[in-house]
Amino acid sequence: MILNCGEALIDMVAGETNDRQMAFVPHSGGAVMNTAVALGRLGVPSGFFAGLSNDLFATQLKAHLSASDVSYDLCPISDAPTTLAFVQLENGQAKYAFFDESAALRNLQPSDIPALPDAIEAMFFGGISLAYGACADAYEAMLIAGANDHVTMMDPNIRPSFIRDEAAFRARLQRMIAATDILKLSDEDLEWLEGTGEIADLANGLLSKGPKLILITQGSQGATAFHKDYKVHVPTVPLDLSNSDTIGAGDTFNAGVLASLHDADLLSTASIADLSQQDAESAVAYGMKAASITVSRKGANPPWKHELP
């Protein structure tokens, strides 16, 4: 099983009523939950760990997880509210306003970290859950404690406007990166984290800090995997974005990469350290194919395995 550790929330997506009044429609979302759902739909045993609420929005989230074959048995449940993210689209790109003060997500404590079942072979971390608060401390502790016995992957999905203490956030990410086997960043994340420069130089610099595999996505330009022995680039799948959006694309990409590695029986720390160029290329390509289907339709709606060629 792959355990996905991070946020589940409600995306309140802007739309219109029949009489053209502005309205917001609740969609199940959150970067890490999207990855968990995509993994479940791709046929990989998938679990989810975060603080969940008892409110009506959490009922929707739990139903969404269950419908995609994702277990949330390890999640602590509280009376704190569910995080809401109001979403507006500008030229197909999502812009967010988050409401999660004192939410179930943010209130997750290090003491809530469960004993990990033997069935868990990999753990995925990321998203706004790492930005600040007790939940960020909990996920850091969980990744570092589990790194010796599990493959770890992180996608910080950095949102500068969401960070309250940049120095503390940067320090947390550096500690987590040192214990991470697979690090995925967008080109924008990479620049925020490492400064300006050539992508290859910056990515190779990160390899020296602990990760065994660095994945850099570049929007319409595709994605590149960097390993100590090689780099390999996979172009994007051509798409018509006129009637779609990019919500959940990166999250689905992460799931596709992990699913490919799982299906090839490569989810061990030794296998990632010695990953062949062919296996890395196959994983990135599968992630790109899965993400292209998510991008082809509205919202974070990852594909099922039978939808991929």
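Now for a look at the structure at hand. (Residues numbered from 1 in each chain as written. Predicted model: local features only at pLDDT ≥ 70, side-chain atom pairs only at ≥ 80, totals over all residues. Heavy atoms only, no water.)

## Details of the packing of helix α7 (residues 249-263) against helix α9 (residues 277-295)
Alright, step 1. Running from N to C, α7 and α9 cross one another at 140°; their axes reach a closest spacing of 7 Å. The crossing of α7 and α9 is right-handed. Touching A249, T252, F253, G256, V257, A259, S260 and L261 of α7 are S282, A283, V284, Y286, G287, M288, A290, A291, T294 and V295, all from α9.
Alright, step 2. Residues belonging to the contact of α7 with α9 are distributed by class as follows: 12 nonpolar, 6 polar and no charged. (Axes fitted to C-alpha atoms, helices over the stretch in contact; angles between N-to-C directions. Helix = DSSP H or I, 4+ residues; strand = E, 2+ residues; numbered from the N terminus. Left-handed = near helix turned anticlockwise from the far one by under 90°. Contact = heavy atoms within 4.5 Å. Nonpolar A, V, L, I, M, F, W, Y, C, P; charged D, E, K, R; others polar.)

## Section: the side chain of T82
Alright, step 1. Within the fold, T82 resides in the loop between β7 (77-78) and β8 (84-90).
Alright, step 2. Polar contacts involving the side chain of T82 include one to the side chain of D55, which spans 2.7 Å.
Alright, step 3. At 3.5 Å, the side chain of T82 forms a polar contact with the backbone nitrogen of A58.
Alright, step 4. For T82, the residues in contact, after removing those within four places along its chain, are L9, I10, S53, D55, F57, A58, L61, F99 and A103. (Polar contact = N/O pair within 3.5 Å; in protein donor to acceptor, adjacent residues only side chain to side chain.)

## Quick word on unusual backbone geometry
Alright, step 1. Of note in the backbone geometry, D69 takes a positive phi value of approximately 65° without being a glycine.
Alright, step 2. Here D69 is to be found in the loop between α2 (56-67) and β6 (70-71).
Alright, step 3. Residue D69 is classed as exposed on the basis of its relative accessible area, which comes to 53%.
Alright, step 4. Phi at D265 is positive, roughly 60°, even though this residue is not glycine.
Alright, step 5. Relative to the helices and strands, D265 resides in the loop between α7 and α8 (269-273). (Buried < 20%, exposed > 50% of the residue type's maximum accessible area, 1.4 Å probe, protein only.)

## What about the packing of aromatic side chains?
Alright, step 1. Enumeration according to the criterion identifies 7 aromatic pairs in this entry.
Alright, step 2. Taken together, a centroid distance of 5.0 Å and an interplanar angle of 80° make the contact between F24 and F86 edge-to-face. Residue F24 is found in strand β3 (residues 22-29), and its partner F86 is found in strand β8; the two are separated by 62 residues along the sequence.
Alright, step 3. Taking the relative accessible area as the measure of exposure, F24 reaches 30% and is therefore partly exposed.
Alright, step 4. An angle of 70° between the planes, with centres 6.3 Å apart, marks the rings of F125 and Y139 as edge-to-face. (Phe/Tyr/Trp six-rings, centres within 6.5 Å; stacked < 30°, edge-to-face > 60°.)

## Description of the environment of L3
Alright, step 1. By the secondary structure assignment, L3 is in strand β1 (residues 2-5).
Alright, step 2. Of the residues examined, L3 reaches a relative accessible area of 1% and is grouped as buried.
Alright, step 3. Not counting residues up to four positions away in its chain, the partners in contact with L3 are G47, F48, F49, L74, L116, I120, A122, M123, F124 and M142.

## Looking at the pattern of salt bridges
Close approach of charged atoms allows side chains of opposite charge to pair.
Alright, step 1. This structure, assessed with the given rule, holds 12 salt bridges.
Alright, step 2. Linking D137 and R172 is a salt bridge whose minimum nitrogen-to-oxygen distance equals 3.5 Å. With a gap of 35 residues between them, D137 in helix α3 (residues 134-146) and R172 in helix α4 (residues 166-178) connect regions that are remote in the sequence.
Alright, step 3. Residue D137 is classed as partly exposed on the basis of its relative accessible area of 39%.
Alright, step 4. Given the relative accessible area of 8%, R172 is considered buried.
Alright, step 5. Two residues, D263 and K305, come together in a salt bridge whose shortest N-O distance is 3.8 Å. Remark: K305 occurs in the segment after α9 and D263 occurs in helix α7; sequence separation between them is 42 residues.
Alright, step 6. Connected through shared salt-bridge partners, D137, E140, R172 and R175 make up one network. (Salt bridge = Lys/Arg side-chain N within 4 Å of Asp/Glu carboxyl O.)

By themselves, these are just geometric observations and shouldn't be taken as functional.
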